[in-house]
Amino acid sequence: MLDRYKTVRQAGSKEIVIKKSRFIGHVMPVETEEEAVAFIEEIKKKHWNATHNCSAYMIGERDEIQKQSDDGEPSGTAGKPILEVIRNQGRKNVAIVVTRYFGGIMLGAGGLIRAYTDGAVAAIESGDPITRVLHREIFVELDYTWLGKVENELRNRDVRMGETNFADTVTLTCLPLDGDAESFMSWMVDLTQGQSLITEGERLYFIEGE
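Residues numbered from 1 in each chain as written. Predicted model: local features only at pLDDT ≥ 70, side-chain atom pairs only at ≥ 80, totals over all residues. Heavy atoms only, no water.

*Asks:* Please set out the overall build of the protein residue by residue, giving values where relevant.
*Replies:* Looking only at helices and strands, one finds five helices and 10 strands in the protein. Here the protein has a C-alpha radius of gyration of 23 Å; the compact-globule value for 210 residues is 17 Å, and the former is much larger. Projected onto its principal axes, the C-alpha coordinates of the protein cover approximately 75 × 25 × 25 Å. By the burial criterion, 43% of the 210 residues in the protein qualify as buried. Considering only intrachain contacts with a sequence separation of at least 6, the fraction spanning at least 24 residues in the protein is 72%. Roughly 11,000 Å² of accessible area belongs to the protein as shown, and the carbon and sulfur atoms make up 48% of that amount. (Helix = DSSP H or I, 4+ residues; strand = E, 2+ residues; numbered from the N terminus. Rg over C-alpha atoms; globule rule 2.2 N^0.38 Å. Buried < 20%, exposed > 50% of the residue type's maximum accessible area, 1.4 Å probe, protein only. Contact = heavy atoms within 4.5 Å. Areas by Shrake-Rupley, 256 points an atom, 1.4 Å probe, with all protein chains shown as cover.)

See the structure below:
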C-alpha cells in the first residue's frame, strides 16, 4: 500500500466556455475499471445530445490501468490531454469525462488540446482534490492510572486518535503514520514502563489535514 496518494474526495462537475463551445468537466473517484466505465456511460446518457463525451481514467497503486477516449474528436486531442492532466497532477483512482457542446467555432488541434486540458483541470477542482495518507491502527490497553499521562503525551506528539473503549481497563485506538508504527509501539512500551498491552490493527487511509 502507498504511504500517500492524491485523488479527489467526491464526484463533481464544472463548466467552462471556450469560443462559444461549452466544455463540462466531470470527475469521479473510482476503485475499479468497472466503476470508471459505469461513470463514463452515466455521463454519456445524461449528455446524450452533446457533440462529444471524451474521457480518461487512471486506476491502481502503480497506475496499472490507464484508458482514454477521443469520442470522435481528432486523434490525440481529447482523451490524451485528459489523461495527461491526471498523470501530471499525480491523481490516482480517478475517472474524468469532458463533455463538449460545439459552439460553431473550430478550435484546431492545439485549441482542442488546451480546451480538454482546461476541462480536465476544472473537473478535478470540482471534485475537491485531496491527499490520502496511510496510518496504522495501534490498540493500547492500559490501567486507568496511566490514562492521563498517556493521553497528554499523545496530544504532545499530535497522534491521530480513534475510539477509546472504557471497560475494566481502557483501550486507546492510536493511528500513527504507517511508517512510524514500529517506533510508536516501542515508544509506548517505554512510556508505560511495559505496563500496557499493545496490538496492531488494520492499515487505514485518512485525508491529510483532517
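*Asks:* Let's hear about the sheet that holds strand β5 (residues 65-69): which residues, and what values?
*Replies:* The strand order across the open sheet formed by five strands is β2-β3-β6-β4-β5, and the pairing between neighbours is antiparallel. The sheet is open, and its two borders are formed by β2 (12-18) and β5, each paired with just one other strand. Looking at each pair of strands side by side, their axes are set apart by 15° on average, direction ignored. Where strand β3 (residues 21-29) meets strand β6 (residues 94-101), eight bridges bridge the pair, whose relative direction is antiparallel. The partner of I24 across the bridge, within β6, is T99. (Pairing = 2+ DSSP bridges. Axes fitted to C-alpha atoms, helices over the stretch in contact; angles between N-to-C directions.)

*Asks:* Give a description of the environment of K92 that names residues and reports values.
*Replies:* Of note, K92 is situated in the loop between α2 (79-88) and β6. Residue classification places K92 among the buried residues on the basis of a relative accessible area of 15%. Here the alpha-carbon distance between K92 and L172, two residues 80 residues apart in the chain, equals 32 Å. Not counting chain neighbours up to four residues away, the residues in contact with K92 comprise L2, Y5, K6, T7, M58, G60, E61 and D63. Side-chain polar atoms of K92 contact the backbone oxygen of E61, separated by 3.0 Å. (Polar contact = N/O pair within 3.5 Å; in protein donor to acceptor, adjacent residues only side chain to side chain.)

*Asks:* Describe in detail unusual backbone geometry, supporting the description with residues and values.
*Replies:* The backbone phi angle of K19 is positive, close to 50°, even though this residue is not glycine. Among the secondary structure elements, K19 is positioned in the loop between β2 and β3. Accessibility expressed as a relative area gives 52% for K19, which makes it exposed. Even without glycine at this site, Q193 takes up a positive phi of about 55°. Along the chain, Q193 turns up in the loop between α5 (181-191) and β10 (196-207).

*Asks:* Before we move on, could you go through the pairing of β6 and cite the residues and values that matter?
*Replies:* Residues in a regular strand project their side chains so that they alternate between the two faces of the sheet. Across the eight residues of β6, eight count as buried, placing the element largely inside the fold. By the alternation rule, side chains of β6 split into V94, I96, V98 and R100 and A95, V97, T99 and Y101, which are all buried. Note that strand β4 (residues 52-59) and β6 share seven bridges and pair antiparallel. Looking at the pairing, Y57 lines up with A95 of β6.

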